[in-house]
Amino acid sequence: MSGSSVPLEALAGIDPAPLFVLSLVPYLAFLWWASRVRAFPRLALLGFQLTLLFVAVTIVAAVVAQLKFGRQLADVDPLHGGAEAFLTLSNALVMLGFAWGRSQDSR
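On a predicted model such as this, the values are computed, not experimentally measured, just so you know. (Residues numbered from 1 in each chain as written. Predicted model: local features only at pLDDT ≥ 70, side-chain atom pairs only at ≥ 80, totals over all residues. Heavy atoms only, no water.)

Trainee: Report on the packing of aromatic side chains, specifying residues and quantitative values.
Mentor: In the structure shown here, the tally under the stated rule is 8 aromatic pairs. Between the aromatic rings of F40 and F98, the centroid separation amounts to 5.4 Å while the plane-to-plane angle is 70°, which identifies the pairing as edge-to-face. Here F40 is found in the loop between α2 (17–36) and α3 (42–69), whereas its partner F98 is found in helix α4 (residues 77–105), with 58 residues between them in sequence. On the basis of relative accessible area, F98 is assigned to the partly exposed category, the value being 38%. (Phe/Tyr/Trp six-rings, centres within 6.5 Å; stacked < 30°, edge-to-face > 60°. Helix = DSSP H or I, 4+ residues; strand = E, 2+ residues; numbered from the N terminus. Buried < 20%, exposed > 50% of the residue type's maximum accessible area, 1.4 Å probe, protein only.)

Here's what the structure looks like:
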């Protein structure tokens, strides 16, 4: 075993679930802040909020992929594509919200 792979092996043994939950804290703080900033485009805020729906749909799809097909979500194309559609929708709303919000500012 090489000395450089020891830290990576230690990281591989860490359960990422608590880190995932912790990552929601700053994101929720961002959503709270963005909802209170009057200049923040409402459509973009909706897109950022829909990102949480993407996370929820992805979790459900991953559980279904594992239980029904015995595979990871990435290996079950219809479920993976359906979940990713929510990310595409949220990203489009963020982009449109900022694009339209910027065009409103230039008037």
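Next, the rest of the story.
Trainee: How would you sum up α3? Please name residues and give values.
Mentor: Helix length check: α3, at 28 residues, gives a terminal C-alpha distance of 39 Å against a target of 40 Å (1.5 Å per residue), a fit within 8%. Of all the residues in α3, the buried ones are A44, L45, G47, F48, L50, T51, F54, A61 and A65. Following α3 by one or two positions, G70 adopts a phi angle in the positive range, close to 65°. (Expected span 1.5 Å × (residues − 1).)

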